[in-house]
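A look at the structure
The chain contents come next:
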Amino acid sequence: MNYFARFRHATLACAVMLLAACDRSPAEPGSTEGVTQKVPTPPAPPPPSATNPVAEVAPAAATPPAKSLPAPDDVAAPPSDAKKTASGLALKVLTPGKGKERPGPEDKVTVHYTGWTTDGQMFDSSVARGEPASFRVSGVIKGWTEALQLMTKGEKARLWIPGKLAYGDAPSQPGMPAGMLVFDVDLLDFTQAPKPPAVPPDVKAPPANAKKTESGLAYRVLQKGKGTRHPTASDHVKVNYSGWTTDGKMFDSSVTRGEPASFGLNGVIKGWTEGLQLMVEGEKTRFWIPSELAYGSNPRPGAPAGMLVFDIELLAIE
């Protein structure tokens, strides 16, 4: 079965679900990629898709591999020559790579892979499908995120990933493979993520020249836009954005993901719904969003608390 799956376009199946973590956006920043009322997971990983294997959420439709590939002789347990990390991950290099550079957590990788359970049953394979998978290193299950950062371009490795670094020993979602999983992963290529934007100098509080609305939202235009059309609450928009807490910690950014976010204005936090309606296409604005217009002072786990600061560029009203 195909298990490819952080977020919206499911194309493959359960195994791909293996790698990515789906719920995040500024309210889901990065989900809708923009600040939905869900909890953000900074930076948010991309939605499960054919290009994002091993996500933590199963995709809606499965595309079974055309054939099943035989399991390795050592599929039942790591051999004595496998290296083990402090987390419990075991890894054995099958084909050495080239160079010394390794991908970072926000880099995008392209891989071929096949996954088996320890009884030798193949549950997913980009090799069998004949199509490599591309995804962000931090957008997949913990075992993959850790292992890929140990590999170099051209390297092929076998991974023994314990349940706690995969889907667990008793996955909550039907169709998820349980317990230790074994993967042969071939790192074909990777591209470095864009550098994160600098922390705004006025991140702690709105400056004197910032405008304020009746709701408490503060904003300052950084770059003027074009035209006079403003989006409405029912419109969909495409933006690039970065978000910080007032202590200067960036918790989400479409810029570092290298991918603009598209979403409906009625599906994001109140500060975004209000603020984006003040903008025109091409405009870039900094917003200081009070907690009552964001996730609150005591949000659910994973959501940033208190006042949040966003730099948002309105690319298009869709």
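Residues numbered from 1 in each chain as written. Predicted model: local features only at pLDDT ≥ 70, side-chain atom pairs only at ≥ 80, totals over all residues. Heavy atoms only, no water.

Considering the overall build of the protein
- Each helix and strand counted, the protein has 4 helices and 14 strands in total.
- Here the protein has roughly 13,900 Å² of accessible surface; of this, 52% comes from carbon and sulfur atoms. (Helix = DSSP H or I, 4+ residues; strand = E, 2+ residues; numbered from the N terminus. Areas by Shrake-Rupley, 256 points an atom, 1.4 Å probe, with all protein chains shown as cover.)

Structural notes on the side chain of threonine 213
- Along the chain, the position of threonine 213 falls in the loop between β8 (211–212) and β9 (218–223).
- At 2.9 Å, the side chain of threonine 213 forms a polar contact with the side chain of serine 215.
- Among all residues touching threonine 213, those that are not within four sequence positions of it are Tyr219, Glu274 and Leu278. (Polar contact = N/O pair within 3.5 Å; in protein donor to acceptor, adjacent residues only side chain to side chain. Contact = heavy atoms within 4.5 Å.)

A short note on the pairing of strand β7 (residues 181–191)
- In terms of strand pairing, strand β3 (residues 108–117) meets β7 through 10 bridges, oriented antiparallel. Bridging across to β7, threonine 117 finds its partner in leucine 181.
- Pairing geometry for strand β6 (residues 156–161) and β7, over 6 bridges, is antiparallel. Pairing of leucine 159 across the sheet is with phenylalanine 183, part of β7. (Pairing = 2+ DSSP bridges.)

Topic: the pattern of salt bridges
- In this structure the tally under the stated criterion is 10 salt bridges.
- Notably, a salt bridge pairs aspartate 189 with lysine 153, separated by 3.4 Å at the nearest N-O pair. Of this pair, aspartate 189 sits in strand β7 while lysine 153 is found in the loop between α2 (142–148) and β6, placing the two residues 36 residues apart along the sequence.
- Residue aspartate 189 is classed as partly exposed on the basis of its relative accessible area, which comes to 31%.
- Lysine 153 gets classed as partly exposed once you look at its relative accessible area, which sits at 40%.
- Salt-bridge contacts for arginine 286 lead to aspartate 202; the nearest nitrogen and oxygen are separated by 3.0 Å. Separated by 84 residues along the polypeptide, arginine 286 in strand β13 (residues 284–289) and aspartate 202 in the loop between β7 and β8 bring together distant segments of the chain.
- Overall, the relative accessible area of 13% leaves aspartate 202 in the buried class.
- Put simply, Asp202, Arg220, Arg286 and Asp311 are held in one network by salt bridges that share partners. (Salt bridge = Lys/Arg side-chain N within 4 Å of Asp/Glu carboxyl O. Buried < 20%, exposed > 50% of the residue type's maximum accessible area, 1.4 Å probe, protein only.)

So, the confidence of the model for the protein
- When pLDDT is averaged along the protein, the result is 83, and 79% of the positions lie at 70 or above.
- Scored below 50 in pLDDT, residues 36–53 shows 122 contacts in the model against residues more than four places distant or in partner chains. (pLDDT = per-residue confidence, 0-100.)

Remarks on the nonpolar core
- By size, the foremost hydrophobic cluster in this structure holds 27 residues, and its most contacted members are Val111, Trp144, Leu148, Leu159, Ile161, Phe183 and Val185.
- For this core, the elements supplying multiple residues, two or more each, are β3, β5 (133–136), α2, β6 and β7.
- Tallying contributions element by element places β7 first for this core, with 5 residues.
- Grouped together as the second largest cluster of nonpolar side chains are 25 residues, Leu217, Leu265, Trp272 and Ile289 included. (Core = buried A, V, L, I, M, F, W, Y, C linked by side-chain atoms within 4.5 Å.)

A closer look at the packing of aromatic side chains
- Scanning the model with the defined rule gives 11 aromatic pairs in all.
- Centre to centre, the rings of tryptophan 144 and phenylalanine 183 are 5.1 Å apart; their planes meet at 85°, and the pair counts as edge-to-face. One end of the pair, tryptophan 144, is in helix α2; the other, phenylalanine 183, is in strand β7, and 39 residues separate them in sequence. The pair formed by tryptophan 144 and phenylalanine 183 is uniform in burial state, with each residue classed as buried.
- Between phenylalanine 263 and tryptophan 272, the ring centres sit 5.4 Å apart and the planes meet at 55°, which makes this aromatic pair tilted. Comparing phenylalanine 263 with tryptophan 272 shows no difference in burial state: the two are buried.
- Connected via pairs of aromatic rings, a cluster forms that spans Tyr113, Phe123, Phe135, Trp144 and Phe183. (Phe/Tyr/Trp six-rings, centres within 6.5 Å; stacked < 30°, edge-to-face > 60°.)

Observations regarding the environment of arginine 220
- With respect to the helices and strands, arginine 220 occurs in strand β9.
- The partly exposed category is assigned to arginine 220, whose relative accessible area is 22%.
- With near-sequence residues (within four places) excluded, arginine 220 lies in contact with Asp202, Pro207, Asn209, Ala210, Thr285, Arg286 and Trp288.

Observations regarding the environment of threonine 232
- Note that threonine 232 resides in the loop between β9 and β10 (236–245).
- Along the primary structure threonine 232 and leucine 276 are separated by 44 residues, whereas in three dimensions their C-alpha atoms are 8.4 Å apart.
- Discounting chain neighbours no more than four positions away, the residues touching threonine 232 are Leu265 and Gln277.

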